[in-house]
Amino acid sequence: MKNLIRLEEAAMFALSILLFADLPFAWWWFPVLILAPDIGMIGYVFGDKIGAFTYNLFHHKGIAILVYAAGWWLGNDYLIFSGIILFGHASMDRIFGYGLKYEKGFKFTHLGEIGK
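Residues numbered from 1 in each chain as written. Predicted model: local features only at pLDDT ≥ 70, side-chain atom pairs only at ≥ 80, totals over all residues. Heavy atoms only, no water.

1. A few points about the overall build of the protein chain
When helices and strands are counted, the protein chain shows five helices and two strands. The C-alpha radius of gyration of the protein chain comes to 14 Å, within 12% of the 13 Å expected for a compact globule of 116 residues. If one aligns the C-alpha atoms of the protein chain with their principal axes, the spans along those axes are about 40 × 35 × 25 Å. Scored against the burial criterion, the 116 residues of the protein chain give a buried share of 35%. Considering only contacts in the protein chain between residues 6 or more positions apart, those separated by 24 or more positions represent 54%. Taken as a whole, the protein chain presents about 7200 Å² of accessible surface, with 71% of it coming from carbon and sulfur. (Helix = DSSP H or I, 4+ residues; strand = E, 2+ residues; numbered from the N terminus. Rg over C-alpha atoms; globule rule 2.2 N^0.38 Å. Buried < 20%, exposed > 50% of the residue type's maximum accessible area, 1.4 Å probe, protein only. Contact = heavy atoms within 4.5 Å. Areas by Shrake-Rupley, 256 points an atom, 1.4 Å probe, with all protein chains shown as cover.)

2. Examining the pattern of salt bridges
Overall, the coordinates contain two salt bridges when judged by the stated rule. Ionic pairing is found between K61 and E9, a salt bridge with its closest N-O pair at 2.3 Å. Of this pair, K61 sits in helix α4 (residues 61-74) while E9 sits in helix α1 (residues 2-21), and the two are 52 residues apart along the sequence. Take E9: its relative accessible area is 7%, and that puts it in the buried class. Here E113 makes a salt bridge to K107, at a shortest N to O gap of 3.3 Å. (Salt bridge = Lys/Arg side-chain N within 4 Å of Asp/Glu carboxyl O.)

3. Looking at the environment of E103
Looking at the secondary structure, you find E103 in the loop between α5 (77-95) and β1 (108-109). Taking the C-alpha atoms as reference points, E103 and L15, separated by 88 residues in sequence, lie 30 Å from one another.

Here it is in structure tokens:
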């Protein structure tokens, strides 16, 4: 099952690349900003509860889709790009087993415990 989930996430990551290709930005912006959503880890400085909240805020695909949709509706390429980066990053993380976080610690995710 884990391999099937990884393949599904790889397809979603590929979708993010395809969606980005339609935007009027230079290609190098995608690899430069694909790790930007990890800024959400800063919340762990303030404890596991706040860390899980901020991490999940930047890694939730529903939020990524809302940002993308808002950009599409408003005709704002920067919002569209932000949504694509959030979505692509979340998919990339899940390929490697990093899921949404539980409040009991960084290594506890909806995909299982990291490192097991």
